[in-house]
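# Chain and residue survey
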Amino acid sequence: MAKVTFNKAQRWYPGADSPAVPGIDLEIDDGEFMVLVGPSGCGKSTTLRMLAGLEECNSGSIHIGDRDVTHMPPKDRDIAMVFQSYALYPHMTVADNMAFALKMAKVPEAERRKKVEEAAKILGLTEYLDRKPKALSGGQRQRVAMGRAIVRAPQVFCMDEPLSNLDAKMRVQTRTDIAKLQRDLGVTTVYVTHDQVEAMTMGDRVAVMKDGLLQQVDSPLNLYDKPANLFVAGFIGSPQMNLIEAKAVDGQAKIGDYLVPVDPAASRKMEGNITVGVRPENWRVVAQSEGGLPVDVTVIEELGADAFVYGTSGVEGTPHDIIVRVGGRDTIHKGETLYVTTDPANVHVFDTDTGERLSE
Ligand SMILES: Nc1ncnc2c1ncn2[C@@H]1O[C@H](COP(=O)(O)OP(=O)(O)OP(=O)(O)O)[C@@H](O)[C@H]1O
Ligand SMILES: [Mg+2]
């Protein structure tokens, strides 16, 4: 097992105007589950493929433990890769599919069988070992693909959206299985997804990418509680954080007539155009006399335990969408006006132009 280090690793595809990944610096601890997340085209797969040796690294370097693998062929890197498409051999049994890499590496048959049986036990595939892939469900096939990776006992697992072919229920189940398995095996893992919920639930740490650049690398809770910039604030969390443009005047933040309570650190730093972020669960409904932000309710989404109120607030003339989480049994009606406020600890202030976080 080993630590993985990207040192200004760059990938510039031939003929492209700019590099897909200009130079990534990232350190993944031994045994850590690191998730790369970001919108389509941000460079997640490129980064992972550089580590696996499937894309050339044009400058910078990549280390696995003490080994410089930057220009090493994929087969020598001691990595196992799991892709979105399972790419199982249809004519081979589950057992043979799992043993294939070991057979290529000339591992003796008795040892191959032992490793496959161990992996099958961990993955709950023992009773399927003699079946062909077509007689398996999508989730079971993905477990076979995992099994193929496990039997090789690599130093690093690289996984590129391994769950995206599964239906919603299977995804949630398999997500938990993979996370648990990784913890049991303790193999350093780099996992790519565009799904922020998947990233938050699986990763020890999550690296948020945009346009080939890392925006923030942090624990799931820190990303949620202290997003470093506007992009991360909007990307992490569902429904999305309310992001409202405001004006900073004498250390106070104003949205129309509503005075937003902000923390002292933000108050000192902010000036001019700022953006105020409040998560849906952090609004508090107050009486009109308490001077909250008025929200005209348009839709109420009842989820049982709680409900999301969607509304608009006339912010300096332009209606702005606002989402408020309320209790599942609160009586709120479409067409009414709510007044909401929050506390300084729950307000994220950003510089609108640079996107940078100004709050503590
Ligand atoms: N083989 C290639 N040749 C040229 N450009 C490429 C190649 N592969 C990817 N790119 C470009 O590099 C950028 C990053 O692509 P990459 O596949 O790493 O994104 P991604 O974050 O994995 O996206 P997705 O979520 O859609 O899989 C994109 O702009 C893409 O068009
Ligand atoms: Mg990709």
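Our subject in this report is the structure included herewith. Note that this is a predicted model, so its numbers are computed, not measured.

## What about the pattern of salt bridges?
Opposite charge on two side chains makes pairing possible when the charged atoms of those side chains draw close. Under the criterion given, the structure shown has 16 salt bridges. Its salt-bridge partner being glutamate 32, residue arginine 205 comes within 2.6 Å of it at the nearest N-O pair. Within this pair, whereas arginine 205 is found in strand β9 (residues 205–210), its partner glutamate 32 is found in the loop between β2 (21–28) and β3 (33–37), the two being separated by 173 residues in sequence. Relative accessible area serves as the criterion here: at 23%, arginine 205 is assigned to the partly exposed category. Overall, the relative accessible area of 8% leaves glutamate 32 in the buried class.

## Section: the sheet that holds strand β6 (residues 79–82)
Whenever strands of a sheet pair, they do so through backbone hydrogen bonds, lying parallel or antiparallel. With mixed pairing, 6 strands are arranged side by side in an open sheet as β6-β7-β8-β3-β9-β10. Strand pairing shows two members of the sheet lacking a second neighbour, β6 and β10 (213–218), which therefore form its edges. Pairwise comparison of adjacent strand axes, ignoring direction, gives a mean angle of 15 degrees for this sheet. Docked against the sheet, helix α1 (residues 44–52) engages β3, β6, β7 (156–160), β8 (188–193) and β9, running at close to 150 degrees with respect to β7.

## Concerning the layout of surface pockets
Each pocket or cavity is described by its volume, and for the largest pocket that value is around 500 Å³. Forming the boundary of the largest pocket are 19 residues, of which Ile79, Ala80, Met81, Phe83 and Arg152 lie nearest the centre. Sorting the residues of the lining of the largest pocket by element identifies β6, α2 (94–104) and α4 (138–151) as the ones contributing at least two each. Grouping the constituent residues of the lining of the largest pocket by class yields 14 nonpolar, no polar and 5 charged. When its volume is computed, the second largest pocket comes out at roughly 230 Å³.

## Points about unusual backbone geometry
A cis amide bond links serine 238 with the next residue in sequence, proline 239, at an omega value of -5 degrees. Secondary-structure assignment places proline 239 in the loop between α8 (230–235) and β11 (242–249). One non-glycine residue with positive phi stands out, namely glutamate 161, at about 45 degrees. Although it is not a glycine, aspartate 211 sits at a positive phi angle of roughly 50 degrees.

Reading the values: the criteria
Residues numbered from 1 in each chain as written. Chains lettered and ligands numbered in written order. Predicted model: local features only at pLDDT ≥ 70, side-chain atom pairs only at ≥ 80, totals over all residues. Heavy atoms only, no water. Salt bridge = Lys/Arg side-chain N within 4 Å of Asp/Glu carboxyl O. Helix = DSSP H or I, 4+ residues; strand = E, 2+ residues; numbered from the N terminus. Buried < 20%, exposed > 50% of the residue type's maximum accessible area, 1.4 Å probe, protein only. Pairing = 2+ DSSP bridges. Axes fitted to C-alpha atoms, helices over the stretch in contact; angles between N-to-C directions. Contact = heavy atoms within 4.5 Å. 1 Å grid on protein atoms, 1.4 Å probe; cavity = no way out; pocket = protein on both sides within 12 Å on 5 of 7 lines; lining within 4 Å. Points joined across faces, edges and corners; volume = space filled by probe spheres on them. Nonpolar A, V, L, I, M, F, W, Y, C, P; charged D, E, K, R; others polar.

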